[in-house]
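# Architecture at a glance
So you can see what is in the structure, the chains are spelled out below.
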Amino acid sequence: KAGVTQTPRYLIKTRGQQVTLSCSPISGHRSVSWYQQTPGQGLQFLFEYFSETQRNKGNFPGRFSGRQFSNSRSEMNVSTLELGDSALYLCASSLEGIPGYGYTFGSGTRLTVV
Amino acid sequence: GENVEQHPSTLSVQEGDSAVIKCTYSDSASNYFPWYKQELGKRPQLIIDIRSNVGEKKDQRIAVTLNKTAKHFSLHITETQPEDSAVYFCAASTGQAGTALIFGKGTTLSVSS
């Protein structure tokens, strides 16, 4: 069974640009959550999508957005990049969107903003 | 807002010793408490979890205890080995529907042989 796949693995962008990250969940999983990981703040919840609908949102500015497709693949977009957006972005998928049931993380996308 | 405090931030032990990491949560609606291990450059991996209707859970050398009244839970690792060296994160579910987790800031565990 394939795990959670995130692409790309590494990304370097310039301040002011925008970026789109992709997450393909485990087959059959309908929930995808996104987290930002930085050395100073740790893992912070961005948002969760379940059956193509955003169900939860963390405390991030509107520059951070996401969506989910009918095949459960999810994308997150960050517009007008700032230096502070440099981080490891992790997604996690679960079967029915209930914590503890197959909540698996991907390997992440390392975003560097210069 | 919802918050999870984790202590200590770093922990150094000798191989064979026990290690204990403690977390406190603020949201009384939290009912699911997982622990993740993250090795350098790798994804967080679930090592054990506990639900609010259980006070203790054990899996070989790893155990987790939960005190709902005091809103704290702890990870216990016995007979530590060098391969246990990693960053450990505790987390708590939020009271909202869905899978959002609030994470502690992490504990860097170093096990020396």
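Heads up: the structure comes first, above all this text.
The present account deals with the structure reproduced in this document. Throughout, a residue's number is its position along its own chain's written sequence, starting from 1. Labels are handed out in written order, letters beginning with A for the chains and numbers beginning with 1 for the ligands. Per-residue local features are limited, in this predicted model, to residues with pLDDT of at least 70; the limit for side-chain atom pairs, both in listing and counting, is 80 or more; totals at the level of whole chains, interfaces and linings are taken over all residues. Heavy atoms from the whole structure form the basis of all side-chain values; hydrogens and water molecules are not counted.

As a further point, take the environment of A:Arg55. All names here are of chain A. Secondary structure follows DSSP: runs of H or I at least 4 residues long count as helices, runs of E at least 2 residues long count as strands, and numbering of each begins at the N terminus. Relative to the assigned elements, Arg55 resides in strand 6 (residues 53-57). Measuring from C-alpha to C-alpha, the distance between Arg55 and Ala92 comes to 14 Å, with 37 residues separating the pair along the chain. Each polar contact in these results corresponds to two N or O atoms within 3.5 Å; when the atoms are within protein, one needs to be able to donate a hydrogen and the other to accept it, and residues that are neighboring in sequence are counted only if both atoms are side-chain atoms. Of the polar contacts made by the side chain of Arg55, one reaches the side chain of Glu48; its length is 2.7 Å.

With that out of the way, let us pick up the interface of chain B and chain A. Taken together, the contacts link 17 residues of chain B with 25 residues of chain A. A simple way to read buried area is as the amount of 1.4 Å-probe accessible surface that goes missing from two parts once joined, with both sides added. Together chain B and chain A conceal approximately 1800 Å² of surface at their shared face, both sides included; 53% is due to carbon and sulfur atoms. Among the residues of chain B in contact with chain A, B:Arg43, B:Thr99 and B:Phe103 are the three that bury the most area, contributing 34% of the side total. Basic side-chain nitrogens of Lys or Arg form a salt bridge, by our definition, when they fall within 4 Å of a carboxyl oxygen of Asp or Glu. At the junction of chain B with chain A, the criterion picks out zero salt bridges. Only heavy atoms enter the contact rule, under which two residues are in contact if any of them lie within 4.5 Å.

All right, on to unusual backbone geometry then. Between A:Thr7 and A:Pro8 the backbone carries a cis peptide bond, its omega angle lying at -10°. Its location among the elements puts A:Pro8 in the loop between strand 1 (5-7) and strand 2 (10-13). Here the bond from B:His7 into B:Pro8 is cis, since omega is -5°, no more than 30 degrees from zero. For B:Pro8, the location among the structural elements is in the loop between strand 1 (4-7) and strand 2 (10-14). Unlike most non-glycine residues, A:Glu52 shows phi in positive territory, near 70°. Along the chain, the position of A:Glu52 falls in the loop between strand 5 (42-50) and strand 6. Working definition: with a 1.4 Å probe on protein chains only, accessible area under 20% of the residue-type maximum means buried, over 50% means exposed, and in between means partly exposed. A relative accessible area of 46% means that A:Glu52 is categorised as partly exposed. Even without a glycine there, the phi angle at B:Gln60 is positive, about 55°. Structurally, B:Gln60 can be placed in the loop between strand 6 (56-59) and strand 7 (62-67).

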